Amino acid sequence: MSKIEIRNIYKIFGNHPDQILPMVKEGANKEQVMEETGHTVGLDNVSISVKEGEIFVCMGLSGSGKSTLIRHINRLIDPTAGQVTVDGVDVLSLDDKEILDFRKKTMSMVFQRFGLFPHKTIIQNVAYGLEIQKVPEDQRIEIAQGQIDSVGLQGFENQYPAQLSGGMQQRVGLARALATDPQILLMDEAFSALDPLIRSDMQKQLIELQSKLKKTIVFITHDLDESLKLGDHIGILNGGRLVQVGRPEDIIMNPADDYVKAFVKDVNRSKVLRAQTVMTKKDQFDTTNINPSTIYKIDENTVIEEIIPKVLRERCTMNVVDKSGNTKGYITSDELSKALTKH
Amino acid sequence: MIKKLFTYLALPVIFIWLLITSFNASRFRPDSAAELLTDASWLYNWPRWLDIPLMKWINDWFRVFNQEYGMYFEAVNNFLLGAILSLKKFLMMLPWPLVIALVVAIVFFSSGRKLGTTVFVGICTFFIGFLHPRFWDKAIETTSIMIIGILFCILIGIPLGIAMSRSIRVRNATLPVLDLMQTIPSFCYLIPGIMLFGLGAVPAIIATVIYAVPPLVRLTDLGIRLVDTEVIEAAEAFGASKKQKLLGVQLPLALPNIMQGINQCTMMALAMVVIASMIGTRGLGDEVLLGLQQLNVGKATEAGLAIVLLAIVLDRITQAYGQKVQDRNKPPEK
Ligand SMILES: Nc1ncnc2c1ncn2[C@@H]1O[C@H](COP(=O)(O)OP(=O)(O)OP(=O)(O)O)[C@@H](O)[C@H]1O
Ligand SMILES: [Mg+2]
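Keep in mind that what you see is a predicted model, and the values were worked out from it rather than measured.

Asker: Would you mind going over the side chain of Thr85(A) in detail, with residue names and values included?
Answerer: Looking at where Thr85(A) falls in the secondary structure, it is placed in strand β4 (residues 81–86). Thr85(A) has contacts with Lys3(A), Ile4(A), Glu5(A), Arg7(A), Asp90(A) and Val91(A), leaving out every residue within four places of it along the chain.

The structure is reproduced here in structure tokens:
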């Protein structure tokens, strides 16, 4: 079952969203609505579902509605129409008090510009979620200290956020989000403000963390490489509309429209595509003419970047196998060249 | 919809009703309204019957109000007077070197142990008495009135500022009132103050609050609304209730602005206490007034200087604290 389910969400910003809704439902796009009524369409009939334990990446250009979408999950924003379900709970039906409890227990959020409390020390920042939950002081300091250690910020506990670099501040944001041990992490362009080196470092940390903790993560970015690196599934937003959802390979191999094509144009495909995506299935592949000594076994999840040199150099054939060693298909230089050709 | 109906229908009706009642109440009105049609001379000079009897209404209302509720004001008066007197007595009871030492200590700690400011303020305090021995007690009197006035400003201003920052409606309703409070000449409310509370310190306090509270309200409201939205969202995302958000995040982050407001409030209160000397409030202001009445330039200058010194002392104390808070929120960096 999916952990987070968003169904047919509409969000219109302005004075009379309800009056504009029918127009948007009939298919008027963001520019038309803006011109005719002065209202901004934030989201236009968006539905996504996020499975337990996966990283769902939401991507799109600036103003496409990413932040608006993620804020519906913890209901920092109320939709104009639509449904949000988390863990089977209809989030929109919660009253003022229940929503506070829901936010405390199920999820936490990491912000684009960090959103740290400038008047609190690092350790107080990290312990904030626990403070709100009224965890006793010594206990929350202990937990916060553990989180600070795990993001490598020991020694900075009593500094103020402004005394830390951007990368360090974002790690504080991450530690703060993890301190309450939520099942769901919402990350709104969490790494966008960081320089490339720190950024890839943080991405690595997140992947590591995810393999240990198995949270459900909704991650927002406007960077395709980042989304391909992190995402189990990717949703692409344009002007408030969801134009495509799929696994990274689906998006690269079959971009839904020109907008997505423009996104994937410059991506390094060999880093993303996996053996199982590019292989020819075993029943369609004729092995009779191949010398068995030039066949090598590889795992179906191998990224093709790793096999390209060997295949090209030795003109060999790769036998793609699953975890238990069963043959699933084959890859030769033909398959590789087809996969790497741009549309 | 209802609002529109009100503006288009009710307002003209009220206006016409005002015209007719004013006309009927006027001593100067012509015997019959028909005369107005035949004799057009009233179009050249503003006719004496076209005069809304606001003065009479207010006086009548005020008289009744005073009769009915006078005793409550009496009680408020006694309470405030008591508060001022005990504060004054306490401060006057202390030996003056001790008071100077106290001021110096307060500045030292509230400024985050800045030595320069502390010494400067100490010297200023000393010079108030040094200018004229009588000034010392007068300064204490002025300060007591101000402290009570500012306490009221804080009690009223900060909650009002918070309410404004939370609701656009409250803000829209309050802003014109604040404008009014800041533009209306102070004598207009000094007079009813005297009638309700008698001469002396209490109407001065009321006037002080009316005059000095607007900047505090505005700056509290502004300070809270200026807090970074992402920081507020962070608090909300962790499930902070309104109260937790206000006390834990918004107020602390708005504190530099609120302190600025209290500082403004203090300065304006001082200005008002001086003006209030004209309605018999005792303190440094009446020394200026005396100098003025006797055409004694030296005396007026001395008293004026003493007021400036007192202003500097109070300004440094409130300013220094705000500065300290600000420094903590935004350490060196840039
Ligand atoms: N509070 C608001 N009031 C009015 N319009 C808003 C509001 N919040 C967002 N919008 C509008 O909704 C649209 C989507 O905004 P959103 O912040 O979700 O974009 P985004 O994809 O997160 O962009 P970025 O990458 O720049 O953060 C924009 O056109 C924006 O102008
Ligand atoms: Mg955004």
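Asker: So what about the domain arrangement of chain B? Which residues, and what values?
Answerer: We note that the domain assignment places domain 1 (4–43) and domain 2 (69–328) within chain B. Each of domain 1 of chain B and domain 2 of chain B has a C-alpha centre, and these two points are 47 Å apart.

Asker: Describe in detail the nonpolar core, supporting the description with residues and values.
Answerer: All names here are of chain A. Judged by nonpolar contacts, the single largest core of 62 residues is most densely connected at Val126, Met187, Phe191, Phe219, Ile307 and Ile331. Among the elements that make up this core, the one with the highest residue count is helix α8 (residues 166–179) (7 residues). Each of domain 1 (52–69 + 95–268) and domain 2 (275–340) accounts for three or more of the residues forming this core. For Phe219, the residues in contact, after removing those within four places along its chain, are Ile55, Phe56, Val57, Cys58, Met187, Ala190, Phe191, Leu206, Glu226 and Leu230.

Asker: How would you explain the interface of chain A and chain B if you had to name every residue and give the values?
Answerer: Taken together, the contacts link 29 residues of chain A with 22 residues of chain B. Interface of chain A and chain B: buried area, both sides summed, is about 2200 Å²; carbon and sulfur atoms make up 61% of it. For the chain A face of the interface with chain B, the top three residues by lost area are Arg113(A), His119(A) and Ala162(A), together amounting to 23%. Remark: the boundary between chain A and chain B carries 3 salt bridges. Secondary-structure elements contributing two or more residues to the side of chain A that touches chain B are α4 (96–106), β6 (107–110), α6 (128–132) and α8 of chain A. Along the lines of polarity and charge, the residues of the side of chain A that touches chain B split into 14 nonpolar, 8 polar and 7 charged.

Asker: Account for the site of ligand 1, with residues named and values stated.
Answerer: All names here are of chain A. The full set close to ligand 1 counts 13 residues, and Ser62, Lys66, Ser67, Thr68 and Glu189 are the nearest of them. The backbone of Ser64 places a nitrogen or oxygen atom 3.3 Å from an oxygen atom of ligand 1. Taking Lys66, its side chain carries an N or O atom lying 2.8 Å from an oxygen atom of ligand 1. For ligand 1, whose accessible area on its own is 630 Å², the fraction buried by protein is 62%. Take the shell around ligand 1: its biggest share by element is 3 residues, from helix α3 (residues 66–73). For the shell around ligand 1, a count of residues per class yields 2 nonpolar, 8 polar and 3 charged.

Asker: Tell me what's going on with a nonpolar patch on the surface, and back it up with residues and numbers.
Answerer: Residues and elements named next belong to chain B. Judged by side-chain polarity, Trp96, Leu115, Val119, Ile123, Phe126, Phe127 and Phe130 come together as a nonpolar surface patch covering roughly 730 Å² of accessible area. Sorting elements by how many residues they give to the nonpolar patch places helix α5 (residues 115–131) first, with 6 residues. Along the chain, the position of Phe127 falls in helix α5.

Asker: Mind laying out the side chain of Gln244(A), listing which residues take part and the relevant values?
Answerer: All names here are of chain A. On the secondary structure map, Gln244 appears in strand β10 (residues 241–246). What makes Gln244 buried here is its relative accessible area of 11%. A distance of 2.9 Å separates the side chain of Gln244 from the backbone oxygen of Asn254, its partner in a polar contact. For Gln244, the residues in contact, after removing those within four places along its chain, are Ile234, Gly235, Ile236, Asp250, Ile251, Asn254, Pro255, Ala256 and Val260.

Asker: Can you tell me about the pattern of salt bridges, naming the residues and giving the values?
Answerer: Two side chains carrying opposite charge are able to pair once their charged atoms lie near each other. Summed over the entire model, instances satisfying the criterion amount to 32 salt bridges over all chains. A salt bridge links Arg71(A) to Asp188(A); the shortest N-O distance between them is 2.7 Å. Taken together, the positions of Arg71(A) in helix α3 and Asp188(A) in strand β7 (residues 184–188) put the pair 117 residues apart, joining distant regions of the chain. Classification of Arg71(A) by relative accessible area gives buried; the value is 7%. Accessibility expressed as a relative area gives 1% for Asp188(A), which makes it buried. For Lys215(A), the salt bridge is made with Asp181(A), and the minimal N-O distance between the two is 2.6 Å. On the criterion of sequence distance, the pair formed by Lys215(A) in the loop between α9 (196–213) and β8 (216–221) and Asp181(A) in the loop between α8 and β7 is long-range, its members being 34 residues apart. According to the relative accessible area criterion, Lys215(A) is buried, its value standing at 7%. The network of salt bridges with shared partners includes Arg134(B), Lys138(B), Asp286(B) and Glu287(B).

Asker: Describe the sheet that holds strand β14 (residues 327–331) of chain A, listing the residues and the values that go with them.
Answerer: Sheets are built from strands paired through backbone hydrogen bonds, the pairs being either parallel or antiparallel. All names here are of chain A. On the basis of which strands lie adjacent, the open sheet formed by 4 strands has the order β11-β14-β13-β12 and mixed pairing. Edge positions in the sheet fall to β11 (280–281) and β12 (295–299), since each has one partner strand and no second. Pairing of β12 with strand β13 (residues 317–321) involves 5 bridges; the strand directions are parallel. Bridge assignment links Ile298 to a residue of β13, and that residue is Val320.

Asker: Explain the sheet that holds strand β1 (residues 2–13) of chain A to me, using residue names and the numbers behind them.
Answerer: Residues and elements named next belong to chain A. Here we have 4 strands laid out as an open sheet, ordered β2-β1-β4-β5, and antiparallel in their pairing. Of all strands in the sheet, those bounded by a partner on one side alone are β2 (40–51) and β5 (89–90). The strands touched by helix α1 (residues 17–25) within the sheet are β1, β2 and β4, with β1 carrying the most contacts at an inclination of about 110°.

Conventions we followed
- Note that residues are indexed from 1 along each chain, following the sequence as it is written.
- Labels follow written order: the first chain is A, the first ligand is 1, and so on.
- Totals for whole chains, interfaces and linings use every residue, but because this is a predicted model, local features are given only for residues with pLDDT of at least 70 and side-chain atom pairs only at 80 or more, for both listing and counting.
- By convention in this description, side-chain values take in all heavy atoms of the structure and omit both hydrogens and water.
- Strands are runs of DSSP state E lasting at least 2 residues, helices are runs of H or I lasting at least 4, and numbering of each runs from the N terminus.
- We call two residues in contact whenever any of their non-hydrogen atoms come within 4.5 Å of each other.
- Boundaries of every domain are those given by an automatic assignment or by a domain database.
- Among buried residues, the Ala, Val, Leu, Ile, Met, Phe, Trp, Tyr and Cys ones that are joined through side-chain atoms within 4.5 Å form a nonpolar core.
- A 1.4 Å probe rolled over the protein chains alone gives each residue an accessible area, and that area as a share of the maximum for its type sets the label: buried under 20%, exposed over 50%, partly exposed in between.
- Defined in terms of a 1.4 Å probe, buried area is the accessible area two parts forfeit on being brought together, summed over both.
- When a carboxyl oxygen of Asp or Glu is within 4 Å of a side-chain nitrogen of Lys or Arg, the pair counts as a salt bridge.
- Just so you know the grouping, Ala, Val, Leu, Ile, Met, Phe, Trp, Tyr, Cys and Pro go in nonpolar, Asp, Glu, Lys and Arg go in charged, and all remaining residues, Gly too, go in polar.
- Near, as used in this document, describes a residue that has one of its heavy atoms within 4 Å of the molecule or strand being considered.
- Side-chain atoms alone can form a polar contact between residues adjacent in sequence; in general such a contact is a pair of N or O atoms within 3.5 Å, and within protein one must be able to donate a hydrogen while the other accepts it.
- The Shrake-Rupley method, run with a 1.4 Å probe, gives the accessible areas here. Residue values count only the displayed protein chains as cover.
- Patch membership requires more than 30% relative accessible area and the absence of a salt bridge. Residues of like charge join within 9 Å; the nonpolar side chains Val, Leu, Ile, Met, Phe, Trp and Tyr join within 5 Å.
- Whether two strands pair depends on DSSP finding at least two bridges between them.
- A fitted line through C-alpha atoms represents every axis, and for helices the fit uses only the stretch in contact; the resulting angles, taken between N-to-C directions, go from 0 to 180 degrees.

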